[in-house]
Amino acid sequence: MEFTGKVAIVTGGGMGIGETIAQVFAREGADIVVGDVNPASAEKVIEEIARTGKKGMAVKMDVSLKVDVDRLADETLRAFGKIDILINNAGITQLPLSILDLDLETWQRVTDIDYKGTYLCSRRIGREMVRQKSGSIINISSIVGLASAPLVAYSPAKSAVIMLTKILATEWGRFNVRVNAIAPGYTLTPLLKGMIERGERNPEMILKRTPMGRMVEPEDIANAALFLASDKARCITGVTLPVDAGFLADGAWTAYGGYER
Ligand SMILES: NC(=O)c1ccc[n+]([C@@H]2O[C@H](COP(=O)([O-])OP(=O)(O)OC[C@H]3O[C@@H](n4cnc5c(N)ncnc54)[C@H](O)[C@@H]3O)[C@@H](O)[C@H]2O)c1
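Counting restarts for each chain, with residues numbered from 1 along the sequence as it is written. A pLDDT threshold of at least 70 governs which residues receive local features in this predicted model, and a stricter bar of 80 or more applies before side-chain atom pairs are shown or counted, although totals over entire chains, interfaces and linings include all residues.

**Q** I tried to follow the overall build of the protein chain on my own but got confused; where do I start?
**A** For the protein chain, the count of helices and strands is eight helices and seven strands. With the radius of gyration taken over C-alpha atoms, the globule rule is written as 2.2 Å times the number of residues to the power 0.38. The C-alpha radius of gyration computed for the protein chain amounts to 18 Å, which stays within 12% of the reference 18 Å derived for 261 residues, consistent with globular compactness. With the principal axes as the frame, the protein chain shows a C-alpha extent of 55 × 40 × 40 Å. Residues classed as buried in the protein chain amount to 45% of the 261 residues present. In the protein chain, 73% of the contacts between residues at least 6 apart in sequence involve partners at least 24 apart. Only DSSP runs of H or I covering at least 4 residues are called helices, and only runs of E covering at least 2 are called strands; the numbering of each starts at the N terminus. Counts of 20 or more other C-beta atoms within 10 Å of a residue's own C-beta define buried residues, counts of 12 or fewer define exposed ones, and intermediate counts define partly exposed ones; C-beta atoms are placed from the backbone. This entry defines residue contacts through backbone-placed C-beta atoms, with two residues in contact when those atoms are within 7 Å.

Okay, here's the thing in C-alpha cells:
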C-alpha cells in the first residue's frame, strides 16, 4: 500500500489502459480521480473502486478543453486538497493513412487530444505540484512516438509528448516534480481489439515483429506507472520507458531476415 494518502488523477481512466491504471493505483492505496469524456464509464470505474473501500471521483471532461482541465483540477483540490500523481493517459488514434489522404479535421482532433490535452493537464496540475514542491507526472506516449508509422497525426503527437516530458522534467526538477513517459507497445485494450476486429491492425504481423512474441496487457503499463510514480524511482525523471515486449529493440533485424522463435 505504497500510495496510501496519495491523490492520483487518471485522464481517460474510464476504460482500457487508464481503467487498469486507476484500479491498480487504488489497490495500492491511492485516492483516484478519473477524468473522462465518457461519464458513464468513468463512474463505473469509480463505483468499482468504491466497492473495495477506496475513495474516488469521476469528472466528465475533455482534456483538449482548457475550461474542462481547470475544472478537473479545481474539483480534485476541493475534494482531496492536493494532487500527488497525474497520469496523462487520455488519447485517440487514427487510421493508417498517407499525409495526402488524411483530412485536416482528423489531424487537428488527434493533435488536440493527444498532445494539447497532455500539455494543458501538465500545465494546470503541474502548477499545483510546483507549489507543493512534490509530484509525479506520467505521460502515456507510444512506441510510434519513437519509431515512425503511417500515423501522420498520432505518431508526431506522441513524439511531442516525449519532448514535453523532457522539457518539464528539466524545468521542474528543482521543485521535486518528476515527469516521465511510458511508450506502450501493442496493448490488448478494447481500442486495439476493435481495430483488430475491423482489420485495421494485423495481430500476426505484430507478433511476428515482436521479439517476445506476445501482446502487452494493460497491467504491464499500470505496473510501469506504479514504479515510475513510486519512491523507488525518486531519481528517475525525463525518461520514456518502452513497455513493448521488445518491439523497439528490433531495429534493423528485418534486413537480415528477421529472427527465429
Ligand atoms: N492500446 C494500445 O495498443 C496503445 C499503444 C500505445 C499507446 N496507447 C495510448 O494509451 C492511452 C490509452 O489507450 P487505450 O488503448 O486504453 O484507449 P481506449 O480507447 O481504450 O481508452 C481511452 C479512454 O480515453 C477517453 N478519452 C478519449 N478522448 C478523451 C478526451 N478528449 N478527454 C478525456 N478522455 C478521453 C475515452 O473515453 C476512454 O475512456 C492512449 O493515450 C493511447 O494513445 C495505447
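From this point, things continue past the structure.
**Q** What is the right way to look at the sheet that holds strand β6 (residues 177-184) in this model?
**A** Strand-to-strand pairing in sheets goes through backbone hydrogen bonds, with the strands running parallel or antiparallel. Within the open sheet, the seven strands sit side by side as β3-β2-β1-β4-β5-β6-β7. Their pairing is parallel. This sheet does not close on itself; its edge strands, each paired only once, are β3 (56-60) and β7 (240-243). With direction set aside, neighbouring strand axes in the sheet form an average angle of 15°. Bridging between strand β4 (residues 85-88) and strand β5 (residues 135-140) involves four bridges; their strand directions are parallel. Counterpart to I87 in the pairing with β5 is I138. Note on definitions: angles span 0 to 180 degrees between N-to-C directions of axes, and those axes are lines fitted to C-alpha atoms, for helices only across the stretch in contact. Sheet strands touched by helix α1 (residues 16-27): β1 (7-11), β2 (31-36), β3, β4, β5 and β6. Its angle to β1, the strand with the most contacts, is close to 170°. Paired strands, as defined in this entry, are two strands with at least two bridges between them according to DSSP.

**Q** What exactly am I supposed to notice about the site of the ligand here?
**A** As used in this record, a residue near a molecule or strand is one whose C-beta atom, placed from the backbone, is within 6 Å of it. Taken together, 30 residues lie near the ligand, and G12, G14, G16, G91 and T189 sit nearest. Of all elements in the fold, only α1, α4 (104-132) and α6 (190-197) reach the threshold of two or more residues within the shell around the ligand. All amino acids are sorted into three groups, where Ala, Val, Leu, Ile, Met, Phe, Trp, Tyr, Cys and Pro are nonpolar, Asp, Glu, Lys and Arg are charged, and the leftover types, Gly among them, are polar. A per-class count over the shell around the ligand returns 13 nonpolar, 15 polar and two charged.

**Q** Please explain the pairing of β7 as it appears in this structure.
**A** The side chains of a regular strand alternate between the sheet's two faces. Only one face of β7 is covered, namely the face carrying T240 and P242; the face carrying L241 and V243 is uncovered. As paired elements, β6 and β7 share four bridges and run parallel to each other. Across the sheet, the residue bridging to A183 is P242, located in β7.

**Q** Can you walk me through the packing of α4 against helix α5 (residues 154-172) in this structure?
**A** Between two packed helices, the angle of one axis relative to the other and the distance separating the axes together describe the packing. For the pair α4 and α5, the least separation of the axes is 8 Å and the interaxial angle reads 15°. One element, α4, and the other, α5, form an angle in the roughly parallel class. Seen from above, α4 lies across α5 with right-handed handedness. Residues V110, T111, D114, Y115, T118, Y119, S122, G126 and V130 of α4 lie in contact with α5, whose contacting residues are Y154, A157, K158, A160, V161, L164, L168 and W172. Looking at the contact of α4 with α5 residue by residue, the classes come out as eleven nonpolar, four polar and two charged. Here the word oblique covers every angle except those under 35 degrees (roughly parallel), over 145 (roughly antiparallel) and from 65 to 115 (roughly perpendicular). Here a crossing is called left-handed whenever its near helix is offset anticlockwise from the far helix by less than a right angle, and right-handed whenever the offset is clockwise.

**Q** It is not clear to me how α4 should be interpreted in this structure. Could you clarify?
**A** Given 3.6 residues per helical turn, the α-helix brings residues three or four places apart onto the same face. The span you would expect from a helix comes to 1.5 Å times its residue count less one. Here α4 spans 40 Å end to end across 29 residues, near enough to the 42 Å set by a 1.5 Å rise per residue. At every residue, the bend is computed as the angle between two fitted axes, covering the seven residues ending there and the seven beginning there respectively. The sharpest bend along α4 comes to roughly 40°, located at K116. Looking at α4, one finds that the buried residues are V110, I113, D114, Y115, G117, T118, L120, C121, S122, I125, G126 and M129. Where the residues of α4 are buried, they touch β1, α3 (66-80), β4, β5, α5 and β6. In the segment just after α4, K133 is the residue with positive phi, at about 60°.

**Q** How do you make sense of the nonpolar core when you look at a structure like this?
**A** Here is a general trend for soluble globular proteins: nonpolar side chains tend to be buried in one another's company. To count as a nonpolar core, a set of buried Ala, Val, Leu, Ile, Met, Phe, Trp, Tyr and Cys residues must be joined through C-beta atoms within 7 Å. Counting 70 residues, the largest nonpolar core has I21, F25, I32, I87 and A225 as its most contacted members. Beyond its immediate sequence surroundings of up to four residues, I21 is in contact with V10, G13, I87, N89, I221, A222 and A225.

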